[in-house]
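Breakdown of the fold
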Amino acid sequence: MILKKPVKLEGEWNFDVQKGYQFKTELAYENGKQIIEIDSPSFLGGSGNRLGPMGYCVAGITSCFITTFMTILSKQGIRLGKMRINAECNINFAKTFDISEEPITEGINFEIDADSIDNTTTLDRQQLRHLITMAEERCPAIYSMSHIIKVNAKLK
């Protein structure tokens with residue numbers, strides 16, 4: 001079992017506004033590749049034609065968290081018939097525009113709706129809250145948000 005896996009991508013800025021996106025990358029995954037086109041909202045200089053970078057961030061964090069939670073549930077032998085999650089992350093662009101030093105975000109909120117597979121078994125809410133805490137502690141995306149990640153940006 002491989003426990004360490006690099007995540008790599010190569011992307012390119014698009015200077016042709018007619019294409020409708022600002023940034024494009026091709027991401028490889030276990031069974032293939034996918035092209036992702038990203039465009040910022042118009043107030044950030046984009047055209048708003050594609051999902052913006054922060055939308056991808058919130059989707060990635062949410063997906064990572066719920067996957068971690070479902071893995072923990074599975075290991076506990078808990079089977080669900082329904083799992084829905086609502087995520088909310090308020091982004092403050094004041095620092096981006098050099099208006100103030102306010103935090104860019106103060107966090108992400110998840111609201112989880114889960115039911116047992118047969119809708120007759122009552123799920124132990126206290127146990128689920130404990131398993132949510134475990135998922136918060138073990139989720140790679142949440143870890144990345146809550147710990148300093150060294151960034152090394154250099155010119156080629």
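The following paragraphs examine the structure supplied in this document. (Residues numbered from 1 in each chain as written. Predicted model: local features only at pLDDT ≥ 70, side-chain atom pairs only at ≥ 80, totals over all residues. Heavy atoms only, no water.)

**Some points on the overall build of the protein chain**
Within the protein chain, the secondary structure is distributed over three helices and five strands. Taken from N to C terminus, the helices and strands of the protein chain fall in the order β-β-β-α-β-β-α-α. For 156 residues, the compact-globule estimate of 2.2 N^0.38 gives 15 Å, and the protein chain exceeds it by more than 25% at 19 Å. Based on the C-alpha atoms only, the size of the protein chain along its principal axes is roughly 55 × 40 × 30 Å. Residues counted as buried form 22% of the 156 residues belonging to the protein chain. (Helix = DSSP H or I, 4+ residues; strand = E, 2+ residues; numbered from the N terminus. Rg over C-alpha atoms; globule rule 2.2 N^0.38 Å. Buried < 20%, exposed > 50% of the residue type's maximum accessible area, 1.4 Å probe, protein only.)

**Considerations on the environment of Arg 50**
Tracing the backbone shows Arg 50 in the loop between β3 (32-38) and α1 (53-75). Spatially, the C-alpha atom of Arg 50 lies 6.5 Å from that of Tyr 21, the residues being 29 residues apart in sequence. With residues near it in sequence (within four places) discarded, Arg 50 still touches Lys 19, Gly 20, Tyr 21, Glu 37, Ile 38 and Asp 39. Polar contacts involving the side chain of Arg 50 include one to the side chain of Glu 37, which spans 2.8 Å. (Contact = heavy atoms within 4.5 Å. Polar contact = N/O pair within 3.5 Å; in protein donor to acceptor, adjacent residues only side chain to side chain.)

**Here we look at the pattern of salt bridges**
Taken as a whole, this structure holds five salt bridges when the rule is applied. For Asp 115, the salt bridge is made with Lys 82, and the minimal N-O distance between the two is 3.9 Å. Pair noted here: Asp 115 is in strand β5 (residues 109-116) and Lys 82 is in strand β4 (residues 80-88), with a separation of 33 residues, a long-range link. Close ionic contact of Lys 95 with Glu 101 constitutes a salt bridge, the shortest N to O distance being 3.0 Å. Residue classification places Lys 95 among the partly exposed residues on the basis of a relative accessible area of 38%. (Salt bridge = Lys/Arg side-chain N within 4 Å of Asp/Glu carboxyl O.)

**So, the packing of α1 against helix α2 (residues 125-138)**
Helix packing geometry: the angle between the two helix axes and the distance between the axes. Running from N to C, α1 and α2 point in directions that differ by 125 degrees, and their axes come no closer than 9 Å. Between α1 and α2, the angle is such that the two are oblique. Crossing handedness for the pair α1 and α2: right-handed. Contact residues: α1 offers Phe 65, Thr 68, Phe 69, Ile 72 and Leu 73, while α2 offers Leu 128, Leu 131, Ile 132, Met 134, Ala 135, Glu 136 and Arg 138. Looking at side-chain class alone, the contact of α1 with α2 contains nine nonpolar, one polar and two charged residues. (Axes fitted to C-alpha atoms, helices over the stretch in contact; angles between N-to-C directions. Parallel < 35°, antiparallel > 145°, perpendicular 65-115°, else oblique. Left-handed = near helix turned anticlockwise from the far one by under 90°. Nonpolar A, V, L, I, M, F, W, Y, C, P; charged D, E, K, R; others polar.)

Remember that the coordinates give geometry; whether it matters functionally is a separate question.
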